[in-house]
Amino acid sequence: MELIIKKRIKQVLKGDQNAYGEIVELYKDKVYHVCYRMLGNRHEAEDMAQEAFIRAYTNIHKFDIDRKFSTWLYRIATNLCIDRIRKKKPDYYLDAEVSGTEGLTMYSQIQTDEPLPEEEVESMELQSTIQKEISTLPEKYRSVIVLKYIEELSLKEISDILDLPLGTVKTRIHRGREALRKQLRTL
Amino acid sequence: MNTCPDKVVHMMHDYLDEELSQENEKELKQHLQECEACRTHFHELKRTIAFVQSTSHIQAPSNFTKSVMNKLPKEKKKVGMERWFKKHPMIVAAAVFFLLMSGSLFTTWNDGKEFAFTKSENIVVDGQTVIVPQGEIVEEDIVVHNGDLRVEGEVKGDVTLINGKRYMAGAGTITGDIEEIDQAFEWLWYNIKSSFQELGDLVQSDEKNE
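A short tour of the structure in this document, coming up.

A packed helix pair is summarised by two numbers, namely the angle formed by the two axes and the spacing between the axes. All names here are of chain A. In the contact formed by helix α1 (residues 2-13) and helix α2 (residues 17-39), the axes pass within 8 Å of each other and the chain directions differ by 145°. Like other packed secondary-structure pairs, α1 and α2 cross with a definite hand, here left-handed. Along the contact surface, α1 presents E2, I5, R8, I9, Q11 and V12, while α2 presents A19, Y20, E22, I23, L26 and Y27. Residues of the contact of α1 with α2, tallied by class, amount to eight nonpolar, one polar and three charged.

It is worth spelling out the interface of chain B and chain A at this point. Listed per partner, the contact involves 38 residues of chain B and 45 residues of chain A. At the boundary of chain B and chain A, one finds four salt bridges. Among the salt bridges present, the one from E19(B) reaches K170(A), with a minimum N-O distance of 2.7 Å. Seen at the junction of chain B and chain A, the total is 16 residue pairs in polar contact (both at pLDDT 80 or more). If you list the elements that add at least two residues to the side of chain B that touches chain A, you get α1 (6-16), α3 (36-54), α4 (64-71) and α5 (77-87) of chain B. Of all the elements, α3(B) adds the most residues to the side of chain B that touches chain A, at 10 residues.

Residue and element names in this part refer to chain B. Strand order in the open sheet formed by four strands is β1-β5-β8-β11, with mixed pairing between adjacent strands. Strands at the two margins of the open sheet, each flanked by one partner only, are β1 (116-117) and β11 (178-181). Where strand β5 (residues 142-145) and strand β8 (residues 159-162) come together, four bridges link them in parallel fashion. Residue pairing across strands places H145 opposite I162, the latter belonging to β8.

Attention now goes to the environment of T160(B). All names here are of chain B. By secondary structure assignment, the location of T160 is in strand β8. In the structure, T160 is positioned 20 residues away from E180 in sequence and 5.8 Å away in space, judged by C-alpha atoms. Apart from the residues within four sequence positions on either side, T160 is in contact with I142, V143, V144, E179, I181 and Y190.

Before going further, it helps to examine the pairing of β5(B). Residues and elements named next belong to chain B. Residues I142 and V144 point to one face of β5 and are all buried, whereas V143 and H145, pointing to the other face, are not buried. In this structure, β1 lies alongside β5, joined through two bridges in antiparallel fashion. If you follow A116 over to β5, its bridge partner there is H145.

This part takes up the pattern of salt bridges. Using the criterion set out here, one finds 16 salt bridges over all chains in the structure. Note that R181(A) is salt-bridged to E44(B), the shortest N-O span being 2.5 Å. Of this pair, R181(A) sits in helix α8 (residues 166-184) while E44(B) sits in helix α3, on two different chains. The buried category is assigned to R181(A), whose relative accessible area is 6%. Assessed through its relative accessible area of 11%, E44(B) is described here as buried. It is possible to trace a salt-bridge network through shared partners that takes in E178(A), R181(A), R185(A) and E44(B).

Another point: the pairing of strand β3 (residues 129-132) of chain B. Residue and element names in this part refer to chain B. Residues T129 and I131 line one face of β3 and the alternating positions V130 and V132 line the opposite face, and both faces are buried. In the sheet, strand β2 (residues 124-126) pairs with β3 via three bridges, with the strands oriented antiparallel. Along β3, the bridge assignment pairs V125 with V130. Hairpin connection from β2 to β3: two residues lie between these consecutive antiparallel strands, with G127 at a positive phi of about 65°.

What the three strands build is an open sheet, ordered β4-β7-β10 (chain B); its pairing is parallel. The sheet terminates laterally at β4 (137-138) and β10 (173-174) of chain B, the two strands that pair on one side only.

With that settled, the discussion passes to the nonpolar core. Core analysis: the largest hydrophobic core is formed by 74 residues, its most contacted members being Y20(A), V31(A), F53(A) and F69(A). The leading source of residues in this core is α2(A), at 12 residues. If near-sequence neighbours (up to four positions away) are discounted, F53(A) is found in contact with Y20(A), I23(A), V24(A), Y27(A), K28(A), V31(A), L73(A), F64(B) and V68(B). Ranked by size, the runner-up nonpolar core spans 12 residues in total, among them V138(B), V144(B), V159(B) and I174(B).

On to the packing of aromatic side chains, then. Residues and elements named next belong to chain A. One pass over the full model with this rule turns up seven aromatic pairs over all chains. Judged by centre distance (5.1 Å) and plane angle (45°), the rings of F63 and W72 are tilted. Judged by relative accessible area, F63 falls into the buried class, the value being 8%. Relative to W72, the ring of F69 has its centre 5.9 Å away and its plane inclined at 45°; by these criteria the two rings are tilted. Of the two residues, F69 and W72 are both situated in helix α4 (residues 69-87); the distance of three residues between them amounts to about one turn of the helix. Residue F69 is classed as buried on the basis of its relative accessible area of 0%. Overall, the relative accessible area of 17% leaves W72 in the buried class. Taken together, the ring pairs in this structure connect Y27, F63, F69 and W72 into an aromatic cluster. Over the aromatic face of Y36 sits the side chain of R42, whose NZ or CZ is 5.2 Å from the ring centroid.

A few words now on unusual backbone geometry. Look at D163(A): it is not a glycine, yet its phi comes out positive at around 55°. Mapped onto the elements of the fold, D163(A) is located in the loop between α7 (155-162) and α8. One non-glycine residue, E18(B), adopts positive backbone phi at about 60°. Tracing the backbone through its elements, the reader meets E18(B) in the loop between α1 and α2 (22-34).

What counts, and where the lines are drawn
- Residues numbered from 1 in each chain as written.
- Chains lettered and ligands numbered in written order.
- Predicted model: local features only at pLDDT ≥ 70, side-chain atom pairs only at ≥ 80, totals over all residues.
- Heavy atoms only, no water.
- Axes fitted to C-alpha atoms, helices over the stretch in contact; angles between N-to-C directions.
- Helix = DSSP H or I, 4+ residues; strand = E, 2+ residues; numbered from the N terminus.
- Left-handed = near helix turned anticlockwise from the far one by under 90°.
- Contact = heavy atoms within 4.5 Å.
- Nonpolar A, V, L, I, M, F, W, Y, C, P; charged D, E, K, R; others polar.
- Salt bridge = Lys/Arg side-chain N within 4 Å of Asp/Glu carboxyl O.
- Polar contact = N/O pair within 3.5 Å; in protein donor to acceptor, adjacent residues only side chain to side chain.
- Pairing = 2+ DSSP bridges.
- Buried < 20%, exposed > 50% of the residue type's maximum accessible area, 1.4 Å probe, protein only.
- Core = buried A, V, L, I, M, F, W, Y, C linked by side-chain atoms within 4.5 Å.
- Phe/Tyr/Trp six-rings, centres within 6.5 Å; stacked < 30°, edge-to-face > 60°.
- Lys NZ or Arg CZ within 6 Å of the ring centre and 35° of its normal.

Set out below in structure tokens:
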């Protein structure tokens, strides 16, 4: 995997844009997924994931070929998401409760194109609850939790991606886990 | 409410990070067996992780790669060239050298527009024509710039004509090599060749000197 990526990067450096297409194809799901879990919104996640790939392309000459490409790419993506979260003014969330109602969210006010199969609803609900809880975590805990449990990266890699000391990463994971535990214990 | 020391919770987290030493792990396990509050806490943590991990892996939209590729900055020729220059300094240096060299050669070619020739006792000049009269013998080489050469007698050396024509009379003979250069390219070639020859001569004379 890394070997193929290195080969493609060298081709990109020589000006071969098509080689970059293959890199995008290989990492798009992972990057999109990280962005989605960080931002909790598909539309924003797509914007940020695309932006991450574009930035990686324009800065590809800064990438140290001896290092892991995915780490570098995640770093760009998580930094973009963190910036986005910080800049974001509170706006409407589809799954935020509509004021004056109980348990009624914007989802129920928006017509869906295709009805979901009944059996999926429960797991979808659980999924969206979990996602919502992840989204309420402070951004510094959210990024470590997402990288650790959703991308299943090692602590060392997370510390590389976020450019934080290993000890800080550990502390944040501990606190993030505790915060999530309190939020999810009632499930 | 949990009244156990923070150390226990800390050990739980270290355990979850797979960084708890074996002794501490034993200690933790023993404590969990004895303390229900901690057991619940630990169980909740594990459940939380399971929940987080249960979130399905979602995939990027189907047209993702295409839209990224469309948004990529078009490779500007200038950028591409700059990068190429950075990557091939030797070629750039060679190109610059060649450019300057050929520039200076063209200047010498253009400078040499006026009529010139190697002076020799036995030749006659008529306007733009150098004449080796009948019966005369020229021992050395003759080079004529921007003029013609008419050979009625005999030339024992080499003849080089730059931008000129050579007329041979019936009795005229040239013993050495004849070279006629009309075009810039040939002029360039001639220059290169002669400089190499000079170099060769230099090396040879060096060898002789040794």
